[in-house]
Amino acid sequence: MGEQPIFTTRAHVFQIDPNTKKNWVPASKQAVTVSYFYDVTRNSYRIISVDGAKVIINSTITPNMTFTKTSQKFGQWADSRANTVFGLGFSSEQQLTKFAEKFQEVKEAARLARDKSQEKIETSSNHSQASSINGTDDEKASCAGPANTHLKSENNKLKIALTQRAAGWTAPTLPVTAWPPPCSAANVKKWEIELQTLRESNARLTTALQDSAASVEQWKRQFTLCRDENDRLRNKIDELEEQCSEINREKEKNTQLKRRIEELELELREKETELIDLRKQSEIIPQLMSECEYVSEKLEAAERDNQNLEDKVRSLKTDIEESRYRQRHLKVELKSFLEVLDGKIDDLHNFRRGLSKLGADN
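Residues numbered from 1 in each chain as written. Predicted model: local features only at pLDDT ≥ 70, side-chain atom pairs only at ≥ 80, totals over all residues. Heavy atoms only, no water.

### As for the overall build of the chain
As a reminder of what qualifies: Helix numbering and strand numbering both begin at the N terminus, where a helix is a DSSP run of H or I of at least 4 residues and a strand a DSSP run of E of at least 2. We call a residue buried when its accessible area falls under 20% of the maximum for its residue type, exposed when it is over 50%, and partly exposed in between, using a 1.4 Å probe and counting protein chains only. Areas reported here follow the Shrake-Rupley algorithm with a probe of radius 1.4 Å; residue values treat only the protein chains shown as occluding.
The helix and strand inventory of the chain stands at 3 helices and 8 strands. Expressed as a percentage of its 362 residues, the buried residues of the chain come to 19%. Just so you have it, the chain exposes about 26,900 Å², and 56% of that area is on carbon and sulfur atoms.

### Concerning a negative patch on the surface
Just so we agree on the cut-off: A patch consists of residues whose relative accessible area exceeds 30% and which take part in no salt bridge; residues with like charges are grouped when within 9 Å of each other, and nonpolar side chains (Val, Leu, Ile, Met, Phe, Trp, Tyr) when within 5 Å. Any Lys or Arg side-chain nitrogen found within 4 Å of a carboxyl oxygen on Asp or Glu counts as a salt bridge. The positive count covers Lys and Arg only, the negative count covers Asp and Glu only, and His and the chain ends enter neither. Every charge is mapped onto a representative atom, which is NZ of Lys, CZ of Arg, CG of Asp or CD of Glu.
Together, E267, E270, E274 and D277 make up a region of like negative charge exposed at the surface. With respect to the helices and strands, E270 occurs in helix α2 (residues 185-283). Among the residues examined, E270 registers a relative accessible area of 46% and is labelled partly exposed.

### Remarks on the packing of aromatic side chains
Centre-to-centre distance and the angle between the planes together describe a pair of aromatic rings. Selection criterion: Pairs were defined over the aromatic rings of Phe, Tyr and Trp, the Trp ring being its six-membered one, requiring ring centres within 6.5 Å. Orientation was assigned from the angle between planes: stacked under 30 degrees, edge-to-face over 60, tilted for the rest.
Scanning all chains against the criterion turns up 12 aromatic pairs. An angle of 40° between the planes, with centres 5.1 Å apart, marks the rings of Y36 and F99 as tilted. Placement of Y36 in strand β3 (residues 32-39) and of F99 in helix α1 (residues 93-166) is noted, with a sequence separation of 63 residues between them. An identical accessibility class is assigned to Y36 and F99; each is buried.

### Overview of the pattern of salt bridges
Using the criterion set out here, one finds 10 salt bridges in the structure. With a shortest N-O distance of 3.6 Å, E105 and K102 are connected by a salt bridge. Separated by 3 residues within a single helix, E105 and K102 lie in helix α1, roughly one turn from each other. When its relative accessible area of 48% is taken as the criterion, E105 is described as partly exposed. Note that R114 is salt-bridged to D115, the shortest N-O span being 3.5 Å.

### A few points about unusual backbone geometry
Of note, the phi angle at K21 is positive, near 60°, even though the residue is not glycine. Mapped onto the secondary structure, K21 falls in the loop between β1 (3-16) and β2 (24-26). By relative accessible area, which is 41% here, K21 ends up partly exposed. For N83, which is not a glycine, the phi torsion comes out positive at approximately 55°. Checked against the element boundaries, N83 lands in the loop between β7 (74-79) and β8 (84-89). Residue class for N83 comes out exposed when judged on its relative accessible area of 59%.

### Digging into the pairing of strand β4 (residues 44-51)
Note the following rule: Here, any two strands with at least 2 DSSP bridges between them count as paired.
Note: β3 against β4, 6 bridges, orientation antiparallel. The residue of β4 that forms the bridge with Y36 is I47. Here β3 hands over to β4 after 4 residues, with N43 in that stretch at a positive phi of 55°. Where β4 and strand β5 (residues 54-60) come together, 6 bridges link them in antiparallel fashion. Across the sheet, residue R46 finds its bridge partner in β5, namely T60. Two successive antiparallel strands, β4 and β5, enclose a turn made up of 2 residues, where G52 displays a positive phi of approximately 70°.

### Section: the confidence of the model for the chain
As a reminder of what qualifies: Residue-level confidence of the predictor, termed pLDDT, takes values from 0 up to 100. It only takes one pair of heavy atoms within 4.5 Å for two residues to be counted as in contact.
Across the chain, the average pLDDT comes to 80, with 82% of residues at or above 70. Segment residues 130-147: pLDDT under 50, and 10 contacts once partners within four positions in sequence are set aside and those in other chains are kept. Considering only residues more than four positions removed or in separate chains, one finds that residues 164-183, a stretch of pLDDT under 50, has 13 contacts.

Okay, here's the thing in structure tokens:
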């Protein structure tokens, strides 16, 4: 069936700069499709992203990986196989949260798949070890089988010999040629030697059987010890993987702290530049203060002049009002004077006409 997509989203893809290991390098000019794929055949999960005809993300997810949210819309994870760090910039915090949850889900599934594969390997290993142990026991039993048969036949011979010795080897009624010769001291000595040899063989075979049984028990104990050691090593591997995960998380935290330190150092340099500017400005503050005092004195003088001018203006306004009053009064007096003058002029004309008439009459 191959690989199947199980989750798809869109994001801007970044990779860590391989030279500085600090700055992000855009892997796509715009938001591209980022998908989780599940390989049914291999029982594995991958994150794949393609920009046009270029594969920009091909990361196989392992239980040791950790997806870290570095901001509200940005997350990252380290891929040791690709020897890089991938970063994704999303358009919303909800998309980042969904991607992170899916990453954790896929990571847990990868861990379960790995545990199942380890259990299968350990089960097959245990079966092979048990088969090898049983095979050894069967070989020992097959080796011990002929020994037991030989021991039984020797015991039967010994019993027959003892019976014949107790009976004094009385000749049977059958023909002499069918039986061995009568019992003699040499034959008895020979039978005693054979009996001792059989006893020693029996003791050796008994010891061998006991050693075989002890070996079986020892193999069982070794098998139990190996199984316990296997469980202990598995637990140790889990602890080491957990420690590796913690180390990776610490490395990511250290990377974030380094970036934060760089940002703070940049801010510190900017603040130092501002401080230098402020110090330069503080050097001209006395000059500015003297200029300010000079301007203040001028302003006070101008205010005094303004006050004097205002007083003069008020005085002039008063003079103007008095002048206007005087002008009105003079106009009234001039009008009355003109009226009197007009009357006098009329009288003068009348007097002149009278004189003219008198002159004419004379």
